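Structural overview for review
Chain residues, written in single-letter form:
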Amino acid sequence: QVQLVESGGGLVQAGGSLRLSCAASGRTFSSCAMGWFRQAPGKEREFVAWISVSGGITYYADSVKGRFTISRDNAKNTMYLQMNSLKPEDTAVYYCATARAPIPTMNRIGYNYWGQGTQVTVSS
């Protein structure tokens, strides 16, 4: 069992930055690849980024590539999402999740434990 708690969301103007955190407890965090997803009102939950167990491999959705950076600190059992150059279309609830496989996928089915989400709102 893994418990995940996201934090760091908020209201920011377009062009601004936020850093989200995902704190993990329970099963060994350092043995799980991890991912970030987001869900805007009326839309499906969509993939944002994933990071491998060691943090040496990352992958991003095209919509955030070059603006967002995923990272992790296994000593602190925490994963991060640094979001720069935010756009109104980035507005969503952001979720972190543990991956079922060492090299994750972009598909939600590839993730088994989820946090409760943190709201990010970008004003124009």
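Quick note: structure is the one above.
Residues numbered from 1 in each chain as written. Predicted model: local features only at pLDDT ≥ 70, side-chain atom pairs only at ≥ 80, totals over all residues. Heavy atoms only, no water.

We now examine the environment of A14. Turning to its location among the elements, A14 is positioned in the loop between β2 (10–13) and β3 (18–26). Residue A14 is classed as partly exposed on the basis of its relative accessible area, which comes to 41%. Placed 108 residues apart in sequence, A14 and V122 show a C-alpha to C-alpha distance of 5.7 Å. The contacts of A14, once residues within four sequence positions are left out, are L86, P88, V122, S123 and S124. (Helix = DSSP H or I, 4+ residues; strand = E, 2+ residues; numbered from the N terminus. Buried < 20%, exposed > 50% of the residue type's maximum accessible area, 1.4 Å probe, protein only. Contact = heavy atoms within 4.5 Å.)

Attention now moves to the side chain of T98. Within the element layout of this structure, T98 appears in strand β9 (residues 92–99). At 2.6 Å, the side chain of T98 forms a polar contact with the side chain of N112. (Polar contact = N/O pair within 3.5 Å; in protein donor to acceptor, adjacent residues only side chain to side chain.)

Turning to the packing of aromatic side chains, a few remarks are in order. Counted according to the given criterion, the structure contains six aromatic pairs. For the ring pair F37 and F47, a centre distance of 5.7 Å and an interplane angle of 80 degrees mean the geometry is edge-to-face. Of the two residues, F37 is situated in strand β4 (residues 34–39) and F47 in strand β5 (residues 46–51); the sequence distance between them amounts to ten residues. Under the relative-accessibility criterion, F37 is labelled buried at 0%. (Phe/Tyr/Trp six-rings, centres within 6.5 Å; stacked < 30°, edge-to-face > 60°.)

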